Amino acid sequence: MTSLPKAAQPFIAQQQAQLRDRLPFSDVQDSEDAMRGLIARRMPNAVHDDGGIVWDNDTYAFLKGDAPDTVNPSLWRQSQLVAEQGLFEVVEGIYQVRGLDLSNITFVEGTTGVIVIDPLISTETAAAALALYREHRGERPVTGVLYTHSHVDHFGGVKGVTTQEDVDAGRVPVIAPQDFTEHAVAENVYAGTAMGRRAAYMYGAALARGPQGAVGAGLGQTTSTGTVTLIPPTLSITTTGQEETVDGVRMVFQMAPNTEAPAELLIHFPDFKALCTAEDATHTLHNLLTLRGAVVRDPHAWSHALTETVDLFGESTDVAFASHHWPTWGQERVVAFLEIQRDLYGYLHDQSLRLINKGWTGIEIAEHLQLPPALENAWNTHGYYGSVSHNLKAIYQRYMGWFDGNPAHLWQHPPVEAGKRYVEFMGGADAVVDKARGSCEAGDFRWAAEVLSHVVFAEPGHTAARALLADTFEQLGYGAENGTWRNFYLSGTTELREGQFGTPTVTASADIVAHLTPTMLFDAIAIQIDGPKAWDEKLTIDVHLTDVDERYRLRLQNGVLSYTPAPQKTAADVTLTSTVHALSELAVTGLTPEGLDRAGVQVEGDTSALHQLTSVLDPGDQDFPIVTP
């Protein structure tokens, strides 16, 4: 049953009023930049596939006027800017379509056609963007595709703008940073199930659009839910300063690995005096550790990369555009923008380490550290997507790990057992709920959320605790400046009130898993082994890849699936003969006899060994609980 959202409580309404008075809303430069160069809007701006709507930017039409009390006014302003959609001219010859997915798609006109940069998440939204571009700029063929980095919102829609056949025929080169495919595939497969589930919270997948629901994710409004594809690069960029010309368009590349993504690059277009900053300089403080989960990013490398960007391209750039948000025009403004973004990541990194070396823990640093006024007062440093709070904890995690050095935290109880003990110590579930209600009335929602979560984990069926925790999350969401924090809080509210929702966008699509290397496929199988169930299983499997003449021995013992390319002296229990491509299809078809047959894999030997292996596989759960046990 759907429950109606509630109003902002007085404490939150007062906070919003104070922010409206304190923040520099009279600064309208971003509003002017976000609308500059508008050629046409896509009306209506909904995109469909055979199963229904995969994108609908029109659902954000409510973002007009001043912010209501249920939305942080700073986030409301950001969402108004990000929700602006249409085809925009960056400079003559470079165009962007914004508002058709979480990210932007860019079109750079060449001698005979157009180069596409970062073709969104879904084929359907990418095709719609290309159609809008062609409607107003002519039927130019796609003559190149460029991925700036290895996140799915920058490559997933590639088959909406070109085909594998055109790429294979050499008509459309696909350019990406070195090691792109490995990182793009691994991120969406290894921990893809868990990341996907949390991404549903992060982007507010189940939330109604509106002032009491989803208003945007800060970096973009939300994610499209169409078909995710991948065409591997045909040209890898390996060094800073590498220059390539495609369809008459000169491009100079800067490598920026281990910044916003493990494989990332920036692109300078000398003939346009334009710089594509990928996702290393956007109009927000970005994530060092995204709430959906990922490897912690390196703010030190990020800051140094932007210093190099200024040194390489600052004097020869009149406009900087990125794969999110709106461009910045004017050489001096571009340099100032890059420098303040650089200083933002550098300050967080350096000051975190200063305090770490004084014995501060991550949570203490996050509560204490403030940005200097020059950074605090710039709109583009606000935490709409990343936040100072969780980024500082991420830096601590990167250097120091999960343990803060306090022995009391070395062997803590897991949530359910801790919850039972907390509730007992505090006088029982009803007493905790009563006290938490008082905390809410006093505006201490953070504390109320913590203690009520203990009750819910100790007694999941306690109706009053669930209801009050849902209300508490709702108020925390209303107050959040960070779009993904808001979505997390309100998603928790939704699940407590209405039950669990699933994962609408599956990034580990057939097209992505088809590009698993053999060893990545073996790893993907190994992480599904139910260790205790497989303790006593022993088997060996040989894999012979005929098209590359490679052999692997897989061995299951002690609950571990290991593999080696070394020659073996003994025969395996069973041998699989395949091509690399056919083997990768097993990630979709499975290791059953039917799956092996569908993939075209030949089997010789004791097939019961394969049954032994499949019997101990334990795939992930896309619907696992988050705010309940």
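The coordinates are above.
Criteria and thresholds
Residues numbered from 1 in each chain as written. Predicted model: local features only at pLDDT ≥ 70, side-chain atom pairs only at ≥ 80, totals over all residues. Heavy atoms only, no water. Helix = DSSP H or I, 4+ residues; strand = E, 2+ residues; numbered from the N terminus. Rg over C-alpha atoms; globule rule 2.2 N^0.38 Å. Buried < 20%, exposed > 50% of the residue type's maximum accessible area, 1.4 Å probe, protein only. Contact = heavy atoms within 4.5 Å. Areas by Shrake-Rupley, 256 points an atom, 1.4 Å probe, with all protein chains shown as cover. Lys, Arg positive; Asp, Glu negative; His and termini not counted. Charge placed at Lys NZ, Arg CZ, Asp CG, Glu CD. Axes fitted to C-alpha atoms, helices over the stretch in contact; angles between N-to-C directions. Parallel < 35°, antiparallel > 145°, perpendicular 65-115°, else oblique. Left-handed = near helix turned anticlockwise from the far one by under 90°. Nonpolar A, V, L, I, M, F, W, Y, C, P; charged D, E, K, R; others polar. Core = buried A, V, L, I, M, F, W, Y, C linked by side-chain atoms within 4.5 Å. Pairing = 2+ DSSP bridges. Arc of directions from axis to C-beta. Salt bridge = Lys/Arg side-chain N within 4 Å of Asp/Glu carboxyl O.

**Notes on the overall build of the chain**
Here comes step 1: Along the backbone of the chain there are 23 helices and 21 strands.
Here comes step 2: Rg of the C-alpha trace for the chain: 26 Å, near the compact-globule value of 25 Å for 629 residues, within the 12% margin.
Here comes step 3: With the C-alpha coordinates of the chain rotated into their principal frame, the extents come out at 75 × 70 × 50 Å.
Here comes step 4: Per-residue burial over the chain gives 54% buried out of 629 residues.
Here comes step 5: The long-range fraction of contacts in the chain, counting pairs at least 24 apart against all pairs at least 6 apart in sequence, stands at 72%.
Here comes step 6: For the chain, the exposed area adds up to about 26,200 Å²; of that, 51% sits on carbon and sulfur atoms.
Here comes step 7: The average position of the 42 basic charges and that of the 79 acidic charges among the side chains of the chain differ by 4 Å.

**Regarding the packing of helix α13 (residues 415–425) against helix α15 (residues 445–458)**
Here comes step 1: Put simply, α13 and α15 touch, their axes get as near as 7 Å, and they point 110° apart. Considering the angle they form, α13 stands roughly perpendicular to α15. Crossing angle aside, the handedness with which α13 passes α15 is left-handed. Each of Pro415, Val416, Gly419, Lys420, Tyr422 and Val423 in α13 lies in contact with α15, whose residues at this interface are His454, Val455, Phe457 and Ala458.
Here comes step 2: Taken together, the residues that form the contact of α13 with α15 break down as seven nonpolar, two polar and one charged.

**Description of the packing of helix α14 (residues 429–441) against helix α16 (residues 463–479)**
Here comes step 1: One way to put it is that α14 packs onto α16 with a least axis distance of 10 Å and a crossing angle of 15°. With respect to each other, α14 and α16 are oriented roughly parallel. The way α14 lies across α16 gives a crossing that is left-handed. Contacts between α14 and α16 involve Val433, Ala436, Arg437 and Cys440 from the first element and Ala464, Ala465, Leu468 and Thr472 from the second.
Here comes step 2: Considered class by class, the residues forming the contact of α14 with α16 number six nonpolar, one polar and one charged.

**Regarding the nonpolar core**
Here comes step 1: Of all hydrophobic cores here, the largest spans 76 residues; its most connected members are Phe107, Tyr147, Ile541 and Val543.
Here comes step 2: Among the elements that line this core, the one with the most residues is helix α4 (residues 123–137), at six residues.
Here comes step 3: Ranked by size, the runner-up nonpolar core spans 32 residues in total, among them Leu338, Ile356, Ile395 and Tyr396.

**Quick word on the sheet that holds strand β12 (residues 249–255)**
Within a sheet, each strand pairs with its neighbour through backbone hydrogen bonds, oriented either parallel or antiparallel.
Here comes step 1: The mixed open sheet is built from six strands, whose spatial order is β11-β12-β13-β14-β15-β16. On the outer flanks of this sheet lie β11 (243–246) and β16 (328–329), each paired with one strand and no other.
Here comes step 2: Pairing analysis gives four bridges linking β12 to strand β13 (residues 265–269), with the strands arranged antiparallel. Paired with Met255 across the two strands is Leu265, which belongs to β13.
Here comes step 3: Packing of helix α8 (residues 299–313) onto the sheet brings it into contact with β12, β13 and β14 (274–276), and relative to β12 it is tilted by some 145°.

**With respect to the sheet that holds strand β8 (residues 142–146)**
Here comes step 1: Strands sit in the order β1-β4-β5-β6-β7-β8-β9-β10 across an open sheet of eight strands; the sheet is mixed. This sheet does not close on itself; its edge strands, each paired only once, are β1 (38–40) and β10 (235–237). Along the sheet, successive strands turn relative to each other by an average axial angle of 25°, direction set aside.
Here comes step 2: Strand direction decides the pairing type here: strand β5 (residues 94–98) and strand β6 (residues 105–109), joined by four bridges, are antiparallel. Across the sheet, the residue bridging to Val97 is Ile105, located in β6.
Here comes step 3: Against the sheet, α4 engages β1, β4 (86–91), β5, β6, β7 (114–117) and β8, with an angle of about 40° to β6.

**So, the pairing of β4**
Here comes step 1: Counting buried positions over the six residues of β4 gives five, a clear majority of the element.
Here comes step 2: Note: β4 against β5, five bridges, orientation antiparallel. Counterpart to Phe88 in the pairing with β5 is Gln96.
Here comes step 3: If you look at the hairpin formed by β4 and β5, you'll find two residues sitting between the two strands, and Gly93 has a positive phi there, around 105°.

**What about α13?**
An α-helical turn contains 3.6 residues, so a residue and the one three or four places further along point in the same direction.
Here comes step 1: Inspection of α13 places Ala418, Gly419 and Val423 among the buried residues, and these make up the whole buried set. The buried residues of α13 all sit within an arc of 130° when viewed along its axis, so they share a single face. For α13, the exposed residues set more than 90 degrees away from the buried face come down to Glu424 and Phe425.
Here comes step 2: Buried residues in α13 make contact with α14 and α15.
Here comes step 3: Two residues or fewer after α13 comes Gly427, characterised by a positive phi angle close to 100°.

**Some thoughts on the environment of Gly620**
Here comes step 1: Take Gly620: it is sitting in the segment after α23 (608–615).
Here comes step 2: Put simply, Gly620 and Ala191 are 429 residues apart on the chain and 9.0 Å apart in space, counted from C-alpha to C-alpha.

**Focus on unusual backbone geometry**
Here comes step 1: Here the residue pair Met43 and Pro44 is connected by a cis peptide bond, since its omega of -10° sits within 30 degrees of zero.
Here comes step 2: Relative to the helices and strands, Pro44 is located in the loop between β1 and β2 (46–49).

**Digging into the pattern of salt bridges**
Here comes step 1: In this structure the tally under the stated criterion is 23 salt bridges.
Here comes step 2: Between Arg437 and Asp434 there is a salt bridge, with its nearest N and O atoms 3.5 Å apart. Of the two residues, Arg437 and Asp434 both sit in helix α14, three residues apart, roughly one turn of that helix.
Here comes step 3: Of the residues examined, Arg437 reaches a relative accessible area of 35% and is grouped as partly exposed.
Here comes step 4: Three or more residues are tied together by salt bridges with common partners; here these are Lys6, Asp471, Glu474 and Arg497.

**Comments concerning the environment of Leu87**
Here comes step 1: For Leu87, the location among the structural elements is in strand β4.
Here comes step 2: Separated by 19 residues in sequence, Leu87 and Thr106 have C-alpha atoms that sit 9.6 Å apart.

**Observations regarding the pairing of strand β19 (residues 560–564)**
Here comes step 1: Pairing between strand β18 (residues 550–557) and β19: five bridges, direction antiparallel. Each residue of the ladder has a partner; that of Arg555, found in β19, is Ser562.
Here comes step 2: Remark: two residues form the turn of the hairpin made by β18 and β19, two consecutive strands paired antiparallel; Asn558 in that turn has positive phi of roughly 55°.

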